[in-house]
Amino acid sequence: MNLQYALLFIGIVIVAVVALTTYDMARLRRPRGRDDLPVDDFPEDETSVRPSVLNATREEGSEKVLRTDVEVTLEEKPRQEVLRKEIRQLEEMATMPLDLASRRPGPPKAKPGREYLSDEKIDFVIHLPGEGPILRDTALGVYKQHEYKLNKARHLYGRHFDTAHWSELQLDSQSTQYGDLTLAIQLVDPRGPIDETELNVFIQLGLQLADALNRPTKLPQTVEEGLARAQELQQFCDTYDVIAGLLVVPATETAFPGQAVEMAARHAGLELGAMNIFHMKNEVAPGSRHLFSMANLDESSSFDPAAWDAIESSGLTFFMSVPCTYHPGEVFNKMVAAAREIADTLGGRLQDQNRRPLADKGIAVIQHQIGEIEEKMRAFGIPPGSETALKLFNDAATP
């Protein structure tokens, strides 16, 4: 009898151990979200977002959409939002040219003749002056030991000892020597403003680099001034992160055939790109790689180039990022012209983002709002489509 009880007890223990082991293995295999990860589990690179800064990020899809029903102020939150920022960023990243000359990509290289400098409008800067010379790998080695702790875009620049040409150390050859050095970190990006903790970590990096190279440090701004500037830039981004858009819908109840949409889009100069969205490429002007884009109004259905015969569209949406576009008023006119051409070809009509008929009066309202945005952005010192604007509103599109 005692033996039976002993065997029963042993069986219960074995079942419990197996159950606990299975539960632990299931937890290990289960994909964890960012909220489940400890800080140390996050990748230490410039694209990772630590839990400590999640509360400072802007809301997903926070862009404003210009309206035609009333003369809205730039601070007013719109009733309708289109195409989340992640779609635009992924598309821009996917269309970046790839170097297929070798299986392993080589180190990034500087563009010939271009000077690489900190952007004092949006960067917190630490100057490390010195008569030099300092070898590239000496400075870069110390920098790389600590810069991985930062999330925001950061750079180490140097003035060439022989030519006084400024460049980024990571883009130069190992034999390059420098006089003055400059450390810079971006105060705001599409994820939000820098926080005090990260800014202090950045300053510590500057002090460690200065100690290793036996150089003084000069900070044009205090920590308090840097954080205040970050909040000012964040307010600027929140105000002018605006999408201008319009719709082309069938004039009757008949949907647009896929092949007809493809032919009309290409005739108007648009090309199908990543994520199966049509784009008007930016061939010559500064700014984003695309002037404007056209997507299927039904977000759950994309343009599949392998199945044009099976595609039917209930409408097309045209959109452009105002702060990322050089001379956005002119580009908006081009977008309207392309939309009208496609509407005429397909037998459609224009609507605004609230699905109301879009006539010349409504187009003029949007044009006026775009002009106001451009004027105020230029007055702030960051024109639409400038490299600084791209860094603030869409880091994936930065040159």
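Nothing here was measured: the structure is a model prediction, and the numbers come from that model.

Caption draft 1: Geometry of the environment of R114. Counting through the fold element by element, R114 comes out in the loop between helix 3 (85–94) and strand 2 (123–128). On the basis of relative accessible area, R114 is assigned to the partly exposed category, the value being 25%. Setting aside residues no more than four positions away along its own chain, R114 makes contact with H165, W166 and E387. Separated by 2.8 Å, the side chains of R114 and E387 make a polar contact.

Caption draft 2: Representation of the side chain of T239. Here T239 lies in helix 6 (residues 223–240). Polar contacts involving the side chain of T239 include one to the main-chain carbonyl oxygen of Q235, which spans 2.8 Å.

Caption draft 3: Seen up close, unusual backbone geometry. Positive phi outside glycine occurs at A164, with the angle close to 65 degrees. Judged by relative accessible area, A164 falls into the partly exposed class, the value being 39%.

Caption draft 4: Examining the packing of helix 8 (residues 328–346) against helix 9 (residues 360–380) more closely. Following both chains from N to C, one finds helix 8 and helix 9 inclined at 155 degrees, their axes separated by 9 Å at the closest point. Judged by the inter-axis angle, helix 8 sits roughly antiparallel to helix 9. The crossing of helix 8 and helix 9 is right-handed. Every residue of helix 9 that contacts helix 8 at P328, G329, F332, N333, V336 and R340 is listed here: D360, I363, I366, Q367, I370 and E374. Classifying every residue of the contact of helix 8 with helix 9 gives 6 nonpolar, 3 polar and 3 charged.

Caption draft 5: Looking closely at the pattern of salt bridges. Taken as a whole and judged by the stated rule, the model has 14 salt bridges. The partner of D189 in a salt bridge is K152, with the nearest N and O atoms 2.9 Å apart. With D189 in strand 7 (residues 188–189) and K152 in the loop between helix 4 (136–146) and strand 4 (154–160), the pair connects residues that are 37 residues apart, well separated along the chain. One exposure class covers both D189 and K152, and it is buried. In this structure, E232 and R229 form a salt bridge, with 3.0 Å as the shortest nitrogen-oxygen distance. Of the two residues, E232 and R229 are both situated in helix 6; the distance of 3 residues between them amounts to about one turn of the helix.

Caption draft 6: Up close: the pairing of strand 2. Here strand 2 lies mainly inside the structure; 5 of its 6 residues are buried. Across 6 bridges, the pairing between strand 2 and strand 6 (residues 177–186) is antiparallel. Its bridge partner being in strand 6, H127 is matched across the sheet by T182.

Caption draft 7: Representation of the environment of G269. Checked against the element boundaries, G269 lands in the loop between helix 7 (258–267) and strand 11 (271–272). For G269, a relative accessible area of 36% puts it in the partly exposed group. The spatial distance from the C-alpha of G269 to the C-alpha of H279 is 8.5 Å, given a sequence separation of 10 residues. Contact partners of G269, with chain neighbours within four places excluded, come to H279 and M280.

Caption draft 8: Representation of the nonpolar core within the structure. Ranked by size, the top nonpolar core spans 77 residues in total, and within it F292, M294, L316, F318 and F332 carry the most contacts. The biggest single contributor to this core is helix 8, with 9 residues. Excluding residues that lie within four positions of it along the chain, L316 makes contacts with L246, L247, V248, F256, V261, M294, A295, L297, F303, I342 and L346. Residues Y116, Y157, W166 and A184 belong to the second largest nonpolar core, which totals 6 residues.

Caption draft 9: Layout of helix 5 (residues 196–213). If you check helix 5, its first and last C-alpha atoms are 26 Å apart, about what 18 residues at 1.5 Å a residue would give, namely 26 Å. Residues of helix 5 that are buried make contact with strand 2, strand 3 (134–135), helix 4, strand 4, strand 6 and helix 6.

Caption draft 10: Structural view of the packing of helix 6 against helix 9. Relative orientation of the contacting elements helix 6 and helix 9 amounts to 165 degrees, with a least axis distance of 11 Å. With respect to helix 9, the axis of helix 6 lies roughly antiparallel. For the crossing formed where helix 6 meets helix 9, the hand is left-handed. Across from R229, E232, L233, F236 and Y240 in helix 6, the residues of helix 9 making contact are I373, K376, M377 and F380. Taken together, the residues of the contact of helix 6 with helix 9 sort by class into 6 nonpolar, no polar and 3 charged.

Caption draft 11: Representation of the pairing of strand 6 within the structure. Taken across its 10 residues, strand 6 has 8 buried, putting it largely inside the fold. Across 2 bridges, strand 3 lies against strand 6 in antiparallel orientation. Paired with I134 across the bridge in strand 6 is Y178. Bridge count for strand 4 against strand 6 is 6 bridges, and the pairing is antiparallel. Bridging from a neighbouring strand, H160 pairs with Y178 of strand 6.

What counts and how
- Residues numbered from 1 in each chain as written.
- Predicted model: local features only at pLDDT ≥ 70, side-chain atom pairs only at ≥ 80, totals over all residues.
- Heavy atoms only, no water.
- Helix = DSSP H or I, 4+ residues; strand = E, 2+ residues; numbered from the N terminus.
- Buried < 20%, exposed > 50% of the residue type's maximum accessible area, 1.4 Å probe, protein only.
- Contact = heavy atoms within 4.5 Å.
- Polar contact = N/O pair within 3.5 Å; in protein donor to acceptor, adjacent residues only side chain to side chain.
- Axes fitted to C-alpha atoms, helices over the stretch in contact; angles between N-to-C directions.
- Parallel < 35°, antiparallel > 145°, perpendicular 65-115°, else oblique.
- Left-handed = near helix turned anticlockwise from the far one by under 90°.
- Nonpolar A, V, L, I, M, F, W, Y, C, P; charged D, E, K, R; others polar.
- Salt bridge = Lys/Arg side-chain N within 4 Å of Asp/Glu carboxyl O.
- Pairing = 2+ DSSP bridges.
- Core = buried A, V, L, I, M, F, W, Y, C linked by side-chain atoms within 4.5 Å.
- Expected span 1.5 Å × (residues − 1).

Purely geometric numbers; function is a separate question.
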